[in-house]
Every structure is written in C-alpha cells, then in structure tokens.
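Here is how the chains run, residue by residue.
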Amino acid sequence: MHLYITYKRYSSWSLRPWLAMKVTGIPFDETVLPFAHDNSLNNFARQHSIPATVPVLECCERIIWDSLAILEFLAEQHPDKNLWPRDPALRALARSACAEMHSGFAALRSEHPMNCHRVIAMEPSAAVQADLKRLADIWQLFERADKPDGDFLCGEFSIADAMFAPVAWRAIGYQLSISPLFKRWSDTMMNLDAMNQWVADGAVEEWRVEETENIGV
Ligand SMILES: N[C@@H](CCC(=O)N[C@@H](CS)C(=O)NCC(=O)O)C(=O)O
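Keep in mind that what you see is a predicted model, and the values were worked out from it rather than measured.

Q: What is the right way to look at the domain arrangement of the protein in this model?
A: Interface size, as often reported, equals the accessible area lost upon joining of the parts. For the protein, the assigned domains read domain 1 (2–81) and domain 2 (88–197). Centre-to-centre, using C-alpha coordinates, domain 1 lies 21 Å away from domain 2. Each partner contributes to the interface: domain 1 provides 20 residues, whereas domain 2 provides 23 residues. For the domain 1 face of the interface with domain 2, the top three residues by lost area are Arg9, Arg16 and Leu19, together amounting to 30%. There are one salt bridge connecting domain 1 and domain 2. A salt bridge links Arg95 to Glu72, with the nearest nitrogen and oxygen atoms 3.1 Å apart. Put simply, domain 1 and domain 2 have four residue pairs in polar contact (both at pLDDT 80 or more) between them. For the side of domain 1 that touches domain 2, the secondary-structure elements that each account for two or more residues are helix H1 (12–24) and helix H3 (67–77). Of the residues forming the side of domain 1 that touches domain 2, the biggest block, 10 residues, is contributed by H1. Grouping the constituent residues of the side of domain 1 that touches domain 2 by class yields 10 nonpolar, four polar and six charged.

Q: Sorry, what's going on with the packing of aromatic side chains here?
A: Any aromatic ring pair is given by two values, namely how distant the centres are and how the planes are angled relative to each other. Scanning all chains against the criterion turns up 11 aromatic pairs. Ring plane angle 70 degrees and centroid distance 5.9 Å describe the contact between Tyr7 and Tyr10, whose orientation is recorded as edge-to-face. No difference in accessibility class separates Tyr7 from Tyr10, as the two residues are buried. Centre to centre, the rings of Trp139 and Trp185 are 5.0 Å apart; their planes meet at 75 degrees, and the pair counts as edge-to-face. Within this pair, whereas Trp139 is found in helix H6 (residues 126–144), its partner Trp185 is found in helix H8 (residues 180–190), the two being separated by 46 residues in sequence. Here the aromatic residues Phe105, Trp139, Phe164, Phe182 and Trp185 are joined through ring pairs into a cluster of three or more. Its guanidinium or amino end placed over the ring of Trp13, Arg16 lies 4.1 Å from that ring's centre, counting from NZ or CZ.

Q: Explain the packing of H3 against helix H4 (residues 88–103) here, please?
A: For any two helices packed against each other, the geometry comes down to the angle between their axes and how far apart the axes lie. In contact at an axis separation of 10 Å, H3 and H4 are set at 155 degrees when each is read in the N-to-C sense. One element, H3, and the other, H4, form an angle in the roughly antiparallel class. Across the interface between the two elements, Ser67, Leu68 and Glu72 of H3 pack against Arg95, Cys98, Ala99 and His102 of H4. Residues of the contact of H3 with H4, tallied by class, amount to three nonpolar, two polar and two charged.

Q: Even after reading the chapter, I still don't get the nonpolar core, so can you show me in this structure?
A: Counting 64 residues, the largest nonpolar core has Leu57, Trp139, Phe164 and Met195 as the members making the most contacts within it. Per-element tally for this core: the top contributor is helix H7 (residues 159–173), with 10 residues. Shared between two domains, this core holds at least three residues of each, these being domain 1 (2–81) and domain 2 (88–197). Dropping the residues within four chain positions of it, Leu57 is found in contact with Met1, His2, Leu3, Met21, Arg62, Ile63, Ile64, Ile70, Phe73 and Leu74.

What counts and how
Residues numbered from 1 in each chain as written. Predicted model: local features only at pLDDT ≥ 70, side-chain atom pairs only at ≥ 80, totals over all residues. Heavy atoms only, no water. Domains from an automatic or database assignment. Contact = heavy atoms within 4.5 Å. Buried area = accessible area lost by both parts, 1.4 Å probe. Salt bridge = Lys/Arg side-chain N within 4 Å of Asp/Glu carboxyl O. Polar contact = N/O pair within 3.5 Å; in protein donor to acceptor, adjacent residues only side chain to side chain. Helix = DSSP H or I, 4+ residues; strand = E, 2+ residues; numbered from the N terminus. Nonpolar A, V, L, I, M, F, W, Y, C, P; charged D, E, K, R; others polar. Phe/Tyr/Trp six-rings, centres within 6.5 Å; stacked < 30°, edge-to-face > 60°. Buried < 20%, exposed > 50% of the residue type's maximum accessible area, 1.4 Å probe, protein only. Lys NZ or Arg CZ within 6 Å of the ring centre and 35° of its normal. Axes fitted to C-alpha atoms, helices over the stretch in contact; angles between N-to-C directions. Parallel < 35°, antiparallel > 145°, perpendicular 65-115°, else oblique. Core = buried A, V, L, I, M, F, W, Y, C linked by side-chain atoms within 4.5 Å.

Rendered as structure tokens:
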C-alpha cells in the first residue's frame with residue numbers, strides 16, 4: 001500500500017488518510033509530491049489519468065484518489081480497524097459529518113489554510129464565524145449521540161477524527177475559538193503520536209509556499 005501526499009506543513013487533505021492509517025496501524029509507504037515546486041504531481045496524475053491532486057492511494061494494482069474515497073476503501077479493506085463506528089446510527093452521523101466536511105466549510109478552508117508550523121492571531125470573518133458555529137453544532141450532535149467511552153468524536157478513533165483533524169490545526173494556528181467540546185477533542189488529537197509525527201516530518205521539509213506563510217501579515 002502506497003500513499004501519495006504533499007507537504008506535511010500545509011496539506012490538510014493529505015493528513016486525513018495518513019493519520020487514519022497511522023493511528024490504526026495500517027502499514028504503508030509514502031511519497032511526498034511537492035506540486036508547487038516541481039512537476040511530480042502533474043506527471044503522476046497524467047500517468048494514471050486522475051486529477052492532479054493528492055492524496056492518492058495505490059493498492060493491489062488499484063489507484064484510489066480523493067481523501068474520502070481512500071478512507072472508505074481502507075474501512076472496507078480493514079474491517080477489524082473499525083474505521084467507521086459499528087453502531088449504524090453513530091456511523092450515519094459520522095458519515096454525514098465527514099461528507100459535510102468534505103464538501104463544506106469553504107470560508108474556513110480558504111481563509112485559514114492549514115499550516116502546522118505557524119501561529120498567528122486572526123479575527124475570523126463573518127463567513128468563518130458561521131463555519132465555526134457550525135462546527136460547534138456538529139460537536140454538540142456527537143456529544144448527544146449514544147457512543148462508546150472515549151474523547152474522540154465517536155468515542156473511539158474513527159474516520160470522523162481524521163476528516164476533522166486539520167480543523168484542529170487551523171483553530172490552533174489562527175487562534176480561533178470554537179467551543180469547550182471542540183477544545184477537549186482538539187487536545188485529544190494533539191496528544192496522538194501520529195499528529196506529533198506529522199508535525200515533526202513537516203518541520204524537516206524545506207519547501208515553503210509563500211502565499212500560505214504570508215496569510216494575516
Ligand atoms: N477533494 C480532494 C481535494 C484534494 C486537494 O485539493 N489536494 C490538494 C493538496 S491539500 C492538492 O493536491 N492540490 C494540488 C494543486 O492545487 O495543484 C480530496 O478530498 O482528496
């Protein structure tokens with residue numbers, strides 16, 4: 001199994017499947033394609049007739065592109081890892097929240113791109129405040145759900161935590177305040193060895209994307 005990703009400093013979509021595989025102990029090799037600095041991603045995409053975006057998973061002579069498709073594939077391939085909660089009602093909630101994350105939160109994503117190595121205070125725009133309010137509402141939905149013990153969104157670690165992991169970095173990096181429930185979850189996420197490994201790996205990357213580094217300056 002081989003996961004193609006991009007900059008660990010900035011790539012929120014790459015973090016999602018990478019984190020799910022690390023936390024649940026699914027072995028894989030990885031390659032970073034620094035698309036803003038060379039043609040490696042374009043060449044890779046042309047070779048496989050897929051969009052020039054990562055993450056992409058190569059497994060069993062198959063190419064799976066798009067973060068959510070990869071996470072679904074992993075859940076199917078590794079049913080023992082419980083990447084989705086076993087309870088159907090909790091699984092439906094988790095799937096809905098992940099789909100909303102995948103297609104929504106445009107203001108939060110564009111105005112506060114992930115940068116795991118920079119902290120800067122920024123006043124959220126009205127559109128971002130609406131996204132933050134929506135996150136707080138989602139956290140309330142998970143809090144009220146019937147679920148196993150544990151501080152992850154579904155009690156135990158699941159794809160929902162992987163999908164929202166970059167939001168934890170955004171809240172920290174831009175000092176955005178969300179809700180006590182979100183803070184408790186974010187602290188849990190930051191304690192994961194895999195999150196620490198992601199940051200440490202990003203720290204030794206030499207590439208910089210100036211546009212992202214200069215946000216808020
Ligand atoms: N919806 C896609 C989004 C993937 C995406 O936009 N990835 C970014 C990196 S975080 C990318 O590959 N960008 C390449 C580019 O903009 O040229 C997914 O879920 O995988």
